Amino acid sequence: MEVILNKRYEMEIVFEGETHTLCNVLRSILMEDETVKAAAYSIDHPIVGEPQLYIRARSPKKSLVKAAGTLIERCDEFRSLIESA
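(A) Summary view of the nonpolar core. Among the nonpolar cores identified, the biggest contains 15 residues, and Phe15, Leu26, Leu30, Leu53, Ile55 and Leu64 are the most heavily contacted of them. At the level of elements, β2 (10-14), α1 (20-31), β3 (36-42), β4 (52-57) and α2 (60-84) are the ones that each hand at least two residues to this core. Sorting elements by how many residues they give to this core places α1 first, with 4 residues. Beyond its immediate stretch of four places on either side in the chain, leucine 30 contacts Val36, Ala39, Leu53, Ile55, Ser63, Leu64 and Ala67.

Here it is, written out as structure tokens:
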């Protein structure tokens, strides 16, 4: 992960070795946050491109940390459901 833009209301991050899976779920969770004005990602080249996540928010870093925590909670919940089935 490399932060390529880190301003007061904007952040842009490159996720090396990741795909649509991580970026899309983070984008979705970020958009659930009322303080997030925009969250989007792009991959310039479908084979060799690295995903770039863009966040515009009151505090992009705090929003990203919160989204990561939510993702962990949801994964744990999913794991529990699968294990109990």
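Next comes the rest of the description.
(B) Spatial organisation of the environment of tyrosine 54. For tyrosine 54, the location among the structural elements is in strand β4. Linking tyrosine 54 and isoleucine 4, residues 50 residues apart in sequence, is a C-alpha distance of 9.9 Å.

(C) A look at the environment of aspartate 33. Of note, aspartate 33 is situated in the loop between α1 and β3. Between the alpha carbons of aspartate 33 and alanine 67 there is a distance of 8.3 Å; along the sequence they are 34 residues apart. Discounting residues that sit within four places of it in the chain, aspartate 33 has contacts with Ser63 and Lys66. Separated by 2.8 Å, the side chains of aspartate 33 and threonine 35 make a polar contact.

Thresholds, definitions, all that
- Counting restarts for each chain, with residues numbered from 1 along the sequence as it is written.
- Per-residue local features of the predicted model are confined to residues with pLDDT of at least 70, and side-chain atom pairs are confined, for both listing and counting, to 80 or more; whole-chain, interface and lining totals are unaffected and use all residues.
- No hydrogens and no water enter the side-chain calculation; it runs on all heavy atoms of the structure.
- Remark: nonpolar core denotes a set of buried residues (Ala, Val, Leu, Ile, Met, Phe, Trp, Tyr, Cys) joined through side-chain atoms within 4.5 Å.
- Only protein chains enter the accessibility calculation, which uses a 1.4 Å probe; a residue is then buried when its area is under 20% of its type maximum, exposed when over 50%, and partly exposed in between.
- Segments assigned H or I by DSSP are reported as helices when at least four residues long, segments assigned E as strands when at least two residues long, and all are numbered from the N terminus.
- Contacts: residue pairs with any heavy atoms within 4.5 Å of one another.
- Counted as a polar contact is a pair of N or O atoms within 3.5 Å, where, for protein atoms, one must be capable of donating a hydrogen and the other of accepting one, and residues adjacent in sequence contribute only when both atoms are in side chains.

That's the geometry; what it means functionally is another story.
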